[in-house]
Amino acid sequence: MCEPISAATATAIAAGVSAATAVGGAIMSSRAQSQAASALASQNQATQQAQEQAFTQRNQAALAQTAGQTAAMEQSFQDQRAVAAQTAASQSAALKQYQDTLGAENTQADALRQAGDQQAQALLAQTTAPALNQAQTGQAAQAATLLGQNMPAGPQAPDPSGGGTNAVSNDPTEQAALARRTAEAATNIRTYGAKIGQLASYDAPTQAVNLAIEANKTGIMPAQTADYLLRSGSNVRLLPSQVAYQAATGEGATNLGLIQSRTQNALDAASLSYGNATDIANLGQSDADTIAANKAAQAKADAAYQASLGALTTGVGNLGLYGAGRYGTNLFGISTPSIANSTGGAGP
Amino acid sequence: MCFHSGGGSSGPQMGTVQYTDPNTGQTNSYYTEVGVPGDYAARGATTVAQYQTMASQDLSDKQIAAQQQIATQQQQFNQQQADAQKAQYDQQLQQTQDQANRQSEYDTGRAQTLAQGTQQVNDAFAQFSPDYFAKYAQDYMSKAQDDITYQQQQAQKQLAFSLARQGISDSQAGVNQQGLLQETAGRATAEQTANAQSAEAQLEGNVSQAKQNLLGQVTSSESIGSPIAGSSEQDVNAALNTQRSAISGITANAGDTVASLNAVPAVAPLANIFSGILGSTGSYLGGTNAAAIAANYRNNYTGSPTAPGPSTGSTKG
């Protein structure tokens, strides 16, 4: 059997235990506060890491978007330059074809116009005042020539047979007289013929003008018709070059539209990738923040719970110390009669 | 009471989720945070956050794939439209170029036909030169002169006979009458020169008009045709052949026209240009004879040689 513990000893033990309990509660509270602080630090660290990670992801997404947009636009510019060059070359070829066609037609038209010019020059040359005067004098001269070539013969020498135009005597005097009269007649005939020729020659200019006009009409007629044929087919010959120009323009516009569409698609893809990557980064960051916040809140709640337990423990310890002081041996010489009186058996 | 675990759960609620692989049919259980679907658990997701990230990534991949597919289809459609447009342009270009080639061939053929027809007409009328018309006038004069000469010869004979009957062949009166005959013939010839020149001018005008008419027919036949070439090579050749046939018919007529213009000069028949002279000569000589008879009568029956008649104008004096 153990020897019974004295009251003083018991009191001392109780006081010690109470003190230890109070200290333990304080330590527990302190540790809980430390855990709460640590949880907050962990939250901050997790949030920072999540932000850094998300920032890196967003940054990389932005860089990828920029690279994609740059590549798309560079390709677009390169393609557009090629299309523009091709379009310009095709348009230039069409314009050249148009000009060549016009040039060929103009060459033919010039040749036809030269035929018309020659006829016009001939017409003008044939109807000048000197030319008309010459026509008139030529007419009179021709009349004189015709008359001279066809001047009637005078009386012929006697025909021994008694026939023919033997109206001339063998008498020299008669013949001389007849010669004088014949010469006189010839002179009169020429004078008369000259008058007739002169009178008829007045029609010569009009006749020359009419003939010149007829010749001009006849001369330019084939060229006129050829010119008409040339003009009538001109539009048909020019049409291919016009269509070629329109086709070049249309194809160029269409190809530019293709390039722009392709470029826009690439830009849209880059934007979509960027947006999605950003959203995922934001989601990850948000999740991490939420998880960290949840963990921190849980840790702070646990710490608060531990702190409350610590406080409770400390209170129990303090209560024990109070009881030891009130009802136990006055270890420190302090008089505590009220307590001793109230509790009875444990007091001195 | 628990002094160390706190008042509630300090971490995510965990649980077991099962997933059956549709490819293999194998079912596995995964211990994950509650809320993680089995397929994502099978892919390694253990938390809801991982699952959401994976799901977001899957959605992003699908969106991008869909966008790329749409873009590809749009590009293919655009390319098809562009190809169709280019094919249309090429076809249009080919058609217009073919039509232009046919038009040039058509116009060239018509121009050549026109030139050939013109040349044939010009060849047919080449003989009508200034010398030709001058010769025509000369021929006219020759024919007219034949008539004049014939009448003149007859008149001279009649005059000679008349003078001989009167016995005054060698008289001044006879010489004068001879001169009158000469002058009358010459004046008739002179008048015929005007007619010859007029006929020459008329012929020249007729020739010019005929040539113009023929060329007009040639050019008209060329102008009547369609100004636009046919839609095929056969159409062009058929049109050209039709016009060549039309022109050949016209140019063939050029020979007939020229032949009709080559007629011998028609000289209007002359009237008796010496009738007046011969008539007046007869009257004159009749009067002379009457005067001579009267003088002889007086000389023979009255013996007074007076009342001389008109002088016979003998050149012998």
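Residues numbered from 1 in each chain as written. Chains lettered and ligands numbered in written order. Predicted model: local features only at pLDDT ≥ 70, side-chain atom pairs only at ≥ 80, totals over all residues.

K.L.:
Can you break down the overall build of chain A residue by residue, with the values?
P.N.:
The secondary structure content of chain A amounts to six helices and zero strands. Reading chain A from its N end, one meets helices and strands in the order α-α-α-α-α-α. The buried share among the 348 residues of chain A stands at 26%. In chain A, the proportion of contacts linking residues at least 24 apart, taken out of those at least 6 apart, comes to 86%. (Helix = DSSP H or I, 4+ residues; strand = E, 2+ residues; numbered from the N terminus. Buried ≥ 20, exposed ≤ 12 C-beta atoms within 10 Å, placed from the backbone. Contact = placed C-beta atoms within 7 Å.)

K.L.:
Please give an account of helix 5 (residues 233–261) of chain B that cites residues and values.
P.N.:
All names here are of chain B. Taking 1.5 Å of rise per residue, 29 residues should cover 42 Å, and helix 5 covers 42 Å from first to last C-alpha, within 8% of that figure. Taken together, the buried positions of helix 5 are occupied by Leu240, Gln243, Ile247, Ile250, Thr251, Ala254 and Val258. Looking at the packing, one finds that the buried side of helix 5 touches helix 2 (48–124) and helix 4 (172–224). (Expected span 1.5 Å × (residues − 1).)

K.L.:
Tell me about the confidence of the model for chain A, and please be specific about residues and values.
P.N.:
Residue and element names in this part refer to chain A. Across chain A, the average pLDDT comes to 86, with 88% of residues at 70 or higher. The secondary-structure element of chain A with the lowest mean pLDDT is helix 6 (residues 337–343), recorded at 49, while helix 2 (residues 129–149) shows the highest, at 93. Counting contacts from residues 159–167, a segment whose pLDDT is below 50, to residues more than four positions away or on other chains yields 15 contacts. Contacts of residues 342–348 to residues separated by more than four positions or lying in other chains number nine contacts, the stretch itself having pLDDT below 50. (pLDDT = per-residue confidence, 0-100.)

K.L.:
Explain the confidence of the model for chain B to me, using residue names and the numbers behind them.
P.N.:
All names here are of chain B. Taken as a whole, chain B shows an average pLDDT of 83; of its residues, 84% reach a score of 70 or greater. Segment residues 304–317 is flagged for pLDDT under 50; beyond a separation of four residues in sequence, or across chains, it makes 37 contacts in the model. Confidence metrics for the complex model read pTM 0.71 and ipTM 0.70.

K.L.:
Hey, could you go over the packing of helix 2 of chain A against helix 4 of chain B for me, with residue numbers and the actual values?
P.N.:
Between helix 2 of chain A and helix 4 of chain B, the least distance of the axes is 9 Å, while the angle of their chain directions is 130°. Of the possible angle classes, the one that applies to helix 2 of chain A and helix 4 of chain B is oblique. Here helix 2 of chain A runs over helix 4 of chain B; the crossing is right-handed. Counting all contacts with helix 2 of chain A, which are made through Gln139, Gln142, Ala143, Leu146 and Leu147 of chain A, the residues of helix 4 of chain B involved are Thr189, Ala190, Thr193, Ala194, Ala196 and Gln197 of chain B. Grouping the constituent residues of the contact of helix 2 of chain A with helix 4 of chain B by class yields six nonpolar, five polar and no charged. (Axes fitted to C-alpha atoms, helices over the stretch in contact; angles between N-to-C directions. Parallel < 35°, antiparallel > 145°, perpendicular 65-115°, else oblique. Left-handed = near helix turned anticlockwise from the far one by under 90°. Nonpolar A, V, L, I, M, F, W, Y, C, P; charged D, E, K, R; others polar.)

K.L.:
Run through the interface of chain B and chain A, naming residues and quoting values.
P.N.:
Counting residues at the interface gives 83 residues for chain B and 79 residues for chain A. Broken down by secondary-structure element, the contributors of at least two residues to the side of chain B that touches chain A are helix 2, helix 3 (130–166) and helix 4 of chain B. Grouping the constituent residues of the side of chain B that touches chain A by class yields 25 nonpolar, 47 polar and 11 charged.

K.L.:
Run through helix 4 (residues 203–232) of chain A, naming residues and quoting values.
P.N.:
For helix 4 of chain A, spanning 30 residues, the distance from its first C-alpha to its last is 42 Å, which sits close to the expected 44 Å at 1.5 Å a residue. Roughly 35° is the biggest bend found in helix 4 of chain A, and it falls at methionine 221 of chain A, with proline proline 222 of chain A one to four residues downstream. (Bend = angle between axes of the 7 residues up to and from the residue.)

K.L.:
Just give me the short version of the environment of isoleucine 280 of chain A, but keep the residues and values in it.
P.N.:
With respect to the element layout, isoleucine 280 of chain A can be found in helix 5 (residues 234–327). With residues near it in sequence (within four places) discarded, isoleucine 280 of chain A still touches Thr53, Ser56, Gln57 and Ser60 of chain B.

K.L.:
Provide a residue-level description of the pairing of strand 1 (residues 14–20) of chain B, including the pertinent values.
P.N.:
All names here are of chain B. Alignment of strand 1 against strand 2 (residues 27–33), held across seven bridges, turns out to be antiparallel. By the bridge assignment, glycine 15 is partnered in strand 2 with threonine 32. In this structure, the hairpin formed by strand 1 and strand 2 is closed by a connection of six residues, where glycine 25 is found at a positive phi of approximately 80°. (Pairing = 2+ DSSP bridges.)

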